[in-house]
Amino acid sequence: MATADLLLAALFSAAVLFLVTAGLQLVFGVQRIVNLTAGSTYAFGAYFGVSAFEWFVLRGGSPVLLLPVLLLAGIIAGQIGFVIERVLRIVYARDEAFQLLMTFAFVLMFQDLLRYIWGAQPRIMGDLPSVYGRISAFGLTFPTYNAAVIVCSLVIALVLWWFIEKTPLGHIVRATAENKAMAEALGVDTKRINMLIFVLGSVLGTVGGALVIPTTAASLEMPSALIIEAFAVVVIGGLGSMRGALFGAIIVGFLRALSLTYFPEIEIMAIYIVVVAVLVVRPYGLFGKPIA
Amino acid sequence: MNRLILIGAFVATTLIIPFVVSPYYATLVITIFAYSIALLGLNLLFGYGGLLSLGHAMFMAMGAYSVGLLGTKFGVRSFEVQLLVAVASSGAAAALIGLLCVRYTTIFFSMLTLAFGMIFHSFLFKFYELTGGETGISVLRPTLLGMPFAKLSKTAFLIGPFYWYVLALFLGMFALMALMVNSPYGLALQAMRDNPRKTEFLGVPILKVRYVAFVISAIYCAIGGAIMAVSIGAADPELAFWTQSGNIVFILVLGGLGQLFGPLVGSVAFTMLQDVLMANTQYWRFALGALLALIIIFAPLGLVGLLVRAFGKRR
C-alpha cells in the first residue's frame, strides 16, 4: 500500500515537473537561454487556474470539468509568454549571463505581480480532486485526478514529440536549434520561431502549474521552490534534451517522493547530491551534448 | 588623478558620516560596506572573470554563521577570530567545491554553483541542533581587538567602534582588490574572460586562474556576510537561498560589472533604493526587477558606466 502511494506521488510530481522542464528545455534548445522565469510562469498558471475554476463554478459550471477547465486556463495563462519574449528579445544579441539576469529581473517582477493580484495568503482550491473519486486497479486504489494528470502529461509529451519530430514546423524548429544562421539563410523567420518556442515553453509551464493546483496551495514560494527542482531535472537530464527532461523528471520525482516519506527536510539536499554526482560522472547530463 | 580625488572624497565622506547623519542611516552604511566587500569578491569572479555564480550567497551565509556559531555555541567573542574562522571555512569550502565548478564556464558554472548553494541551504535547515534550523541563530555582539564595548547600546556600538572597524576593513580589502585586478594575475583573468582559448595558448593556466578567483571571491563574500550578521544580529538559512545569490549579482550589475567602483556604487544605490522603496510600497521587488531590466538593456556597465559617460561628456 505504502509503496503504491509512493509510486503514484513520485509519478505525479514527475508528470508536473516534466511539463515545466520540457518548456525550459525547449527554450534552451532553440534560444540558448536558461529561463529562470519558468518558476514564475508556473506559479502564475497555478493562481490563474484557481481563479479560473472558481469563476467557472460560480457561473454554474460542473466541477466534473475540473481537468479540462484547468488545462484551458493553463493555455490561456501561458500567453503571458508573448510579453516576456517581447522584452527578452532586446537582449538576444547579448552575453548569455545578461540574458539569464534578464529572466531573473522577471522573477522579481512576477513575485510582486502575483502578490498584487492574488495577495500574500496562499490560495487553495479545497478538496476538489475528490469529485473524481478514487479508482482501483491491481488491488490498489488511488485518486483519479492524480492518475488523470499523469496520463495528461504523457499525452502532452507524445504530442510534443510528434510536433518536433514529425511536422514540417518541427523540422524548422530543430533546424533553428541546430544552426540558427544557416536556418536564417534558408529563409526561416527565426524571430517567429523564437516567439513560438518561448510561448510554447511558457504554456507548458502554466499548464503544469494549473494542473498541480487541486493537490497543493498556490503560494508566493512556488516560483523559487520550483526552479530548484526544475534545475535539478534539467541538469540531471542534460540541458536542451527533451528525453533528458522526461528521465530527469522521473528521477527527481522519485527522489522527492522517497525523501519526503523517509527523510523529510533533506528533500532538496538528496536531489542536489544526485545532481552533483551526475555532473561529476557525466558533466553534460545523462542525455546532454557538450557545447563547444 | 581623477581616481585619487574620488577616493579622497569617498574617504572624507565616510569619516564624517557617523557625525552628521542619523544613527539609522549610519547603520545602513554598515550594510553598504558588508555588501561592498562581498561584491568586490563577486566582481572578481563575474566582472573580471566572466563566471556568473548563482551560489555565492552560500559563502555570505558561511561568514554569518561563523560569527553566530562561535559567539553563541563556543563562546568565542573576538571578531578577529570569528573573521579568521569565516575566512578559513569559506576558503576551505570554496577550495573543495571550486575543484569541480571551475571546470565549467557559462551556464554550467551557474547551475553547478546553484546546486552547491542549495545543498548548503538545506544543510542549514536540516542540522538544527547546530544551526537552529529555519529560525537560524542569534548573533551576539563581538569584541573588537579584545574590547567588549559593553557599555554601549546596540546602535551606539554599530555606528561607533564597529563602524570604524568595518570602514578600515573595507578600505584594506578594496586596496587589495585594486592591486589584484591590475596585477599580472588580474590581467590574465580578464584575458581568460575575453578569450579563454587564446589565453591558454599564451601559456596562462586558465583553470588555476579561475580557481583562485573562485576561492578569493568566496572569502570576500564570507567577510561581507560576517559583517552583515553583526549588523542584523541574526543569521538564518534565507541568507543562503538561491534568490539571495541572484540579488547580490543584481547589486553588482546595478553598480557596474568589471568596474573597480561597481561594488561600492551598487551597494550604495541598492541599499538606499531598497530603504526608500520598502518604506513606501510593499511592491518594491517589482521596482527593483524593472530597474534591473532597464540597467541590463540601457546601461550594461551599470551606474558607474553611466557616471563615466556623463562625466566624459561634460569635459
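Here the structure is a predicted model, which is why all the values come from computation and not from measurement. (Residues numbered from 1 in each chain as written. Chains lettered and ligands numbered in written order. Predicted model: local features only at pLDDT ≥ 70, side-chain atom pairs only at ≥ 80, totals over all residues. Heavy atoms only, no water.)

Visitor: Hey, could you go over the overall build of chain B for me, with residue numbers and the actual values?
Guide: Helices and strands together make up the secondary structure of chain B, namely 14 helices and two strands. Against the compact-globule benchmark of 20 Å for 315 residues, chain B has a radius of gyration of 19 Å, which places it among compact chains. A principal-axis box enclosing the C-alpha atoms of chain B has dimensions of 60 × 50 × 40 Å. Long-range pairs, those at least 24 residues apart, make up 79% of the contacts in chain B with a sequence separation of at least 6. Carbon and sulfur atoms provide 71% of the accessible area of chain B, an area that totals close to 13,100 Å². Here chain B contributes 18 positively and 8 negatively charged side chains, and the mean placements of these two sets differ by 11 Å. (Helix = DSSP H or I, 4+ residues; strand = E, 2+ residues; numbered from the N terminus. Rg over C-alpha atoms; globule rule 2.2 N^0.38 Å. Contact = heavy atoms within 4.5 Å. Areas by Shrake-Rupley, 256 points an atom, 1.4 Å probe, with all protein chains shown as cover. Lys, Arg positive; Asp, Glu negative; His and termini not counted. Charge placed at Lys NZ, Arg CZ, Asp CG, Glu CD.)

Visitor: Go over helix α12 (residues 262-280) of chain B with me, naming the residues and quoting the values.
Guide: For α12 of chain B, which comprises 19 residues, the first-to-last C-alpha distance of 27 Å matches the rise-based estimate of 27 Å (1.5 Å per residue) to within 8%. The complete set of buried residues in α12 of chain B reads Gly-262, Pro-263, Leu-264, Gly-266, Ser-267, Phe-270, Thr-271, Gln-274, Asp-275 and Leu-277 of chain B. (Expected span 1.5 Å × (residues − 1). Buried < 20%, exposed > 50% of the residue type's maximum accessible area, 1.4 Å probe, protein only.)

Visitor: Describe the side chain of Arg-210 of chain B, with residues and values.
Guide: Residues and elements named next belong to chain B. With respect to the helices, strands and loops of the structure, Arg-210 is situated in helix α10 (residues 206-232). Glu-200 provides the closest opposite charge to the buried, unpaired Arg-210, separated from it by 7.3 Å. When neighbours within four sequence positions are excluded, Arg-210 is seen to be in contact with Leu-51, Val-102, Thr-105 and Met-192. (Salt bridge = Lys/Arg side-chain N within 4 Å of Asp/Glu carboxyl O.)

Visitor: Would you mind going over the interface of chain B and chain A in detail, with residue names and values included?
Guide: Many descriptions give the size of an interface as the accessible area lost when the pieces come together. Between chain B and chain A, the residue contacts involve 43 residues of the former and 41 residues of the latter. At the boundary of chain B with chain A, total buried surface from both sides reaches about 3,900 Å², with 82% on carbon and sulfur atoms. Arg-285 of chain B is paired through a salt bridge with Asp-112 of chain A; the nearest N and O atoms lie 3.7 Å apart. Counting every contact that joins chain B to chain A gives nine residue pairs in polar contact (both at pLDDT 80 or more). (Buried area = accessible area lost by both parts, 1.4 Å probe. Polar contact = N/O pair within 3.5 Å; in protein donor to acceptor, adjacent residues only side chain to side chain.)

Visitor: Residues and numbers for the packing of helix α10 (residues 222-237) of chain A against helix α12 (residues 267-281) of chain A, please.
Guide: Residues and elements named next belong to chain A. Packing of α10 against α12 leaves a shortest axis separation of 9 Å and a crossing angle of 25 degrees. One element, α10, and the other, α12, form an angle in the roughly parallel class. Both α10 and α12 take part in a crossing whose hand is left-handed. Where α10 abuts α12, its residues Ile-228, Glu-229, Phe-231, Ala-232, Val-235 and Ile-236 lie against Glu-267, Ile-268, Ile-271, Tyr-272, Val-274, Val-275, Val-278 and Leu-279. A class-by-class count of the residues in the contact of α10 with α12 yields twelve nonpolar, no polar and two charged. (Axes fitted to C-alpha atoms, helices over the stretch in contact; angles between N-to-C directions. Parallel < 35°, antiparallel > 145°, perpendicular 65-115°, else oblique. Left-handed = near helix turned anticlockwise from the far one by under 90°. Nonpolar A, V, L, I, M, F, W, Y, C, P; charged D, E, K, R; others polar.)

Visitor: Which residues make up unusual backbone geometry, and what values go with them?
Guide: Excluding glycine, residues mostly have negative phi values, and the peptide bonds linking residues are mostly trans. One non-glycine residue, Arg-32 of chain A, adopts positive backbone phi at about 60 degrees. Following the sequence through the fold, Arg-32 of chain A ends up in the loop between α1 (2-31) and α2 (38-58). Despite not being glycine, Thr-106 of chain B shows a phi value in the positive range, around 45 degrees. Within the secondary structure, Thr-106 of chain B sits in helix α5 (residues 106-126).

Visitor: Which residues make up the confidence of the model for chain B, and what values go with them?
Guide: Residue and element names in this part refer to chain B. Within chain B, residue pLDDT values average 86, and 98% of them lie at 70 or more. Element-level pLDDT for chain B is lowest in helix α6 (residues 128-131), with a mean of 75, against a maximum mean of 92 in α10. Across the interfaces of the predicted complex, the ipTM metric reaches 0.82, alongside a pTM of 0.86. (pLDDT = per-residue confidence, 0-100.)

Visitor: Account for the nonpolar core, with residues named and values stated.
Guide: Grouped together as the largest cluster of nonpolar side chains are 216 residues, with contacts concentrated most on Tyr-272 of chain A together with Phe-162 of chain B. Counting residues per element, this core draws most heavily on α10 of chain B, at 15 residues. Non-local contacts of Tyr-272 of chain A, meaning those with residues more than four positions away in its chain, are made with Ile-228, Phe-231 and Ala-232 of chain A together with Leu-114, Ala-115, Met-118 and Ile-119 of chain B. (Core = buried A, V, L, I, M, F, W, Y, C linked by side-chain atoms within 4.5 Å.)

Visitor: Any details on the environment of Thr-243 of chain B? Residues and values, ideally.
Guide: Relative to the elements of secondary structure, Thr-243 of chain B occurs in helix α11 (residues 242-255). Through-space distance from the C-alpha of Thr-243 of chain B to that of Leu-54 of chain B is 8.1 Å; in sequence the pair is 189 residues apart. Every residue in contact with Thr-243 of chain B, bar those within four places of it in the chain, is listed here: Phe-104 and Ser-224 of chain A.

Visitor: How would you explain a nonpolar patch on the surface if you had to name every residue and give the values?
Guide: All names here are of chain B. A cluster of nonpolar side chains, contributed by Leu-15, Ile-16, Phe-19, Val-20, Val-21, Tyr-24, Tyr-25, Trp-164, Val-268 and Met-272, occupies part of the molecular surface with about 930 Å² of accessible area. Every element with two or more residues in the nonpolar patch is listed here: α1 (2-20), α2 (23-48) and α12. In terms of residue count, the dominant contributor to the nonpolar patch is α1 (four residues). Along the polypeptide, Phe-19 turns up in helix α1. Using a relative accessible area of 65% as the deciding quantity, one classes Phe-19 as exposed. (Patch = residues over 30% accessible without salt bridge, like charges linked within 9 Å, V, L, I, M, F, W, Y side chains within 5 Å.)

Visitor: Any chance you could break down the confidence of the model for chain A for me, citing the residues and the numbers?
Guide: Of all residues in chain A, 95% attain a pLDDT of 70 or more, and the chain-wide mean is 85. Ranking the helices and strands of chain A by mean pLDDT puts helix α9 (residues 190-212) of chain A first, with 91, and strand β1 (residues 134-137) of chain A last, with 71.

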